[in-house]
Amino acid sequence: MILGRTERGTPPLEPVTLKILVAGGFGVGKTTLVGAVSEIKPLRTEEALTEAGRPVDDTSGVEAKHTTTVAMDFGRITLREDLTLYLFGTPGQERFWFMWDELSEGALGAVVLADTRRLEDCFAAVDYFERRAIPFLVGVNCFEGAARHPVDTVRQALDLDDGVPLLLCDARDRESVKDVLIGVVEHAMAQSAGRRHALAT
């Protein structure tokens, strides 16, 4: 089949849209990830960091960060002609976590971004998706200058189940981000198929 056409007698493909969350700690690269891969201009709800927020916003390791997401980031990517992903980046600070429940409604799965310099910042996101049985993948954002750790070491530090995929990525690189998104879709689909099989037996 040629892109944009169907073979004679073949019904046109029904488009499928899927919702994916991008979560993780403050300053881990969620806004960057959505912007790197979105085929539309991303919707961003960023505000400048203020002196009033310094006591509650831990900027250790991300001292150069001057803005923060206060509601969500939104982007869109078409992976193939019949499959489009809507990406929703969640706010990272604890005081905005009340929004996660709304954002996660109807989500197929999630990407939890991790920074090995501040690994504990993604614990809350891992716990959130585990408790709600939302399929997720951990993407370790490989920042410049950050120490590289073996995947197994990071997995052990996060206490991840063996079935949770963990990938190294660069949130600035479109192809790297696409690999992560394909990974979370495949993981979520496999989990869904496993549940259907279990119900049928």
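Attention in this report is confined to the structure presented alongside it.

About the cut-offs
- Residues numbered from 1 in each chain as written.
- Predicted model: local features only at pLDDT ≥ 70, side-chain atom pairs only at ≥ 80, totals over all residues.
- Heavy atoms only, no water.
- Helix = DSSP H or I, 4+ residues; strand = E, 2+ residues; numbered from the N terminus.
- Buried < 20%, exposed > 50% of the residue type's maximum accessible area, 1.4 Å probe, protein only.
- Contact = heavy atoms within 4.5 Å.
- Areas by Shrake-Rupley, 256 points an atom, 1.4 Å probe, with all protein chains shown as cover.
- Pairing = 2+ DSSP bridges.
- Right-handed = clockwise from strand over helix to strand, strands pointing away.
- Arc of directions from axis to C-beta.
- Core = buried A, V, L, I, M, F, W, Y, C linked by side-chain atoms within 4.5 Å.
- Patch = residues over 30% accessible without salt bridge, like charges linked within 9 Å, V, L, I, M, F, W, Y side chains within 5 Å.
- Salt bridge = Lys/Arg side-chain N within 4 Å of Asp/Glu carboxyl O.
- Lys, Arg positive; Asp, Glu negative; His and termini not counted.
- Charge placed at Lys NZ, Arg CZ, Asp CG, Glu CD.

1. Regarding the overall build of the protein chain
A count of helical and extended segments in the protein chain gives five helices and seven strands. Shown N-terminal to C-terminal, the secondary structure of the protein chain runs as helices and strands in the order β-α-β-β-β-α-β-α-β-α-β-α. Buried residues in the protein chain amount to 44% of all 201 residues. The long-range share in the protein chain, meaning contacts at least 24 apart out of those at least 6 apart in sequence, stands at 71%. Looking at the protein chain as shown, the accessible area adds up to about 11100 Å², and 53% of this sits on carbon and sulfur atoms.

2. A word on the pairing of strand S7 (residues 166-169)
Note that strand S6 (residues 136-141) and S7 share four bridges and pair parallel. Looking at S7, one finds that Val-138 is bridged to Leu-166. Note that the unit made of S6, helix H4 (residues 151-158) and S7 has a crossover that is right-handed.

3. Here we look at H4
Of the residues making up H4, those classed as buried are Val-154, Arg-155 and Leu-158. Considered in projection along H4, the buried side chains sweep an arc of 100 degrees and stay on one side of the axis. Those residues of H4 that are exposed and aimed more than 90 degrees away from the buried face are Asp-152 and Gln-156. Just downstream of H4 lies Asp-159, where phi reads positive at about 55 degrees.

4. A word on the nonpolar core
The tendency in soluble globular proteins is for nonpolar side chains to be buried as a group. In this structure, Val-112, Phe-129, Phe-136, Val-138, Leu-158 and Leu-160 are the most contacted members of the largest nonpolar core, which totals 25 residues. For this core, the secondary-structure elements that each account for two or more residues are strand S1 (16-24), helix H2 (100-104), strand S5 (109-114), helix H3 (123-131), S6 and H4. Tallying contributions element by element places H3 first for this core, with four residues. Sequence-distant contacts of Val-112, defined by excluding residues within four places in its chain, comprise Ala-23, Cys-122, Ala-125, Val-126, Phe-129, Phe-136, Leu-137, Val-138 and Gly-139. In this structure, Ile-77, Val-111, Cys-169 and Leu-181 belong to the second largest nonpolar core, which totals 21 residues.

5. Digging into a negative patch on the surface
On the surface, Glu-130, Asp-159, Asp-161 and Asp-162 cluster together to form a negatively charged patch. Looking at where Glu-130 falls in the secondary structure, it is placed in helix H3. Take Glu-130: its relative accessible area is 38%, and that puts it in the partly exposed class.

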